[in-house]
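Working through the structure, step by step
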Amino acid sequence: MGTDLHELLRSLRVWDPEVTALPAFDPADAPAEPLPLFTTWFAEAVAAGQTEPHTMSLATSDAEGRPDVRTVMLHGADADGWSFATHVTSRKGEQLTARPYAALGFYWPVLGRQVRVRGPVTAAPSADGQADLHARSTGALAAALTGRQSEVLVSLDELAKVSQTAWERAQREPDSPVPTWTLYHLRPLEVEFFQGDGRRQHVRLLYRRAEDTWTTQLLWP
Ligand SMILES: Cc1cc2nc3c(=O)[nH]c(=O)nc-3n(C[C@H](O)[C@H](O)[C@H](O)COP(=O)(O)O)c2cc1C
């Protein structure tokens, strides 16, 4: 029996006040820079039980300017910018080489909050990427060692074999280098905070970098 997608979609709600009590957000209390607000909102998402709050959409463009998007993990947000890691040889890695500019999207539904970040992207020195990788789990190293991300896979058997070998190596040699694994920093030029509201009076606060300082403005929802 087929699923009636439209019926399912009509039955679903966002920001249902009977399910989720959304916090109020007063932009007058917001800090002068976006990073402390991001850090606060991130900690509040964790405290509210948001699953996997450290996953984000990473949007890039190909050489022709056509957009692309996928989910990656946030590795940090600090003076270096918002950081993530991947293979420089992957599709997104090639796109970032051709057009070193990206956007990030976070959505934390338990609090009805969205954060968007845009800006130029730079690859960190290789040593930083390797150190970041080796500080992570054996599984993360094994996945990176498996390599060939975004290439055509001929069969799942091939993946199973290469993955098994990578796991064994990751356990045996936890400092194995993965030359293509790269840590990227996105330097924010714009950061937007969106607080959803049950009555649809969503609050949007946009920070824009201006030289060494930030300006803010409200946006219509
Ligand atoms: C929750 C989640 C987290 C992920 N984290 C990463 C990551 O940190 N780095 C990465 O390269 N791929 C990660 N992936 C896989 C990417 O979404 C994507 O499939 C892969 O990087 C290939 O993308 P590309 O072909 O556009 O380069 C993650 C996927 C999911 C669902």
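Computed from a predicted structure; not experimentally measured.

Notes on the overall build of the protein chain
If you tally the helices and strands in the protein chain, you get six helices and 10 strands. In terms of principal-axis extent, the alpha carbons of the protein chain reach across some 60 × 55 × 40 Å. By the burial criterion, 24% of the 221 residues in the protein chain qualify as buried. When contacts within the protein chain are restricted to residue pairs at least 6 apart in sequence, long-range pairs at least 24 apart make up 63% of them.

Some details on the UniProt feature "domain: Pyridoxamine 5'-phosphate oxidase N-terminal" (unreviewed entry) in the protein chain
Residues annotated by UniProt as "domain: Pyridoxamine 5'-phosphate oxidase N-terminal" (unreviewed entry) correspond here to residues 44-142. Structurally, residues 44-142 is divided into 26% helix and 43% strand, and its ends, taken at the C-alpha atoms, are 31 Å apart.

Re the pairing of strand β8 (residues 190-195)
As defined by bridge partners, strand β6 (residues 113-123) adjoins β8 across six bridges and the pair is classed as antiparallel. Opposite Arg 118, over in β8, you have Glu 190 as the bridge partner. Pairing between β8 and strand β9 (residues 203-210): six bridges, direction antiparallel. When the bridges of β9 are listed, Glu 192 appears paired with Leu 206.

Some details on helix α4 (residues 126-134)
The set of residues buried in α4 consists of Gly 129, Gln 130 and Leu 133. Buried residues along α4 cover an arc of 95 degrees about the axis, so they all sit on one side. The exposed set on the far side of α4, more than 90 degrees from its buried face, consists of Ala 127 and Ala 131. Looking at the buried positions of α4, the neighbouring elements they touch are β4 (81-87), α5 (138-146) and β7 (181-186).

Re the site of the ligand
The local shell around the ligand holds 14 residues, among which Thr 86, Ser 90, Arg 91, Lys 92 and Ser 150 are the closest. Taken together, the elements giving at least two residues each to the shell around the ligand come down to β2 (67-73), β4 and α3 (91-98). Counting residues per element, the shell around the ligand draws most heavily on β2, which supplies five residues. Split by residue class, the shell around the ligand holds four nonpolar, six polar and four charged.

Side note on unusual backbone geometry
With phi around 50 degrees, Trp 15 is a residue other than glycine that occupies positive phi space. With respect to the helices and strands, the residue Trp 15 is situated in the loop between α1 (5-11) and α2 (34-47). In this structure, Ser 150 takes a positive phi of about 80 degrees despite not being glycine. By the secondary structure assignment, Ser 150 is in the loop between α5 and α6 (156-172). When the 14 C-beta atoms within 10 Å are taken as the criterion, Ser 150 is described as partly exposed.

Cut-off values and rules
- Residues numbered from 1 in each chain as written.
- Predicted model: local features only at pLDDT ≥ 70, side-chain atom pairs only at ≥ 80, totals over all residues.
- Helix = DSSP H or I, 4+ residues; strand = E, 2+ residues; numbered from the N terminus.
- Buried ≥ 20, exposed ≤ 12 C-beta atoms within 10 Å, placed from the backbone.
- Contact = placed C-beta atoms within 7 Å.
- UniProt positions renumbered as here; feature names shortened; annotations may be inferred.
- Pairing = 2+ DSSP bridges.
- Arc of directions from axis to C-beta.
- Near = placed C-beta within 6 Å.
- Nonpolar A, V, L, I, M, F, W, Y, C, P; charged D, E, K, R; others polar.

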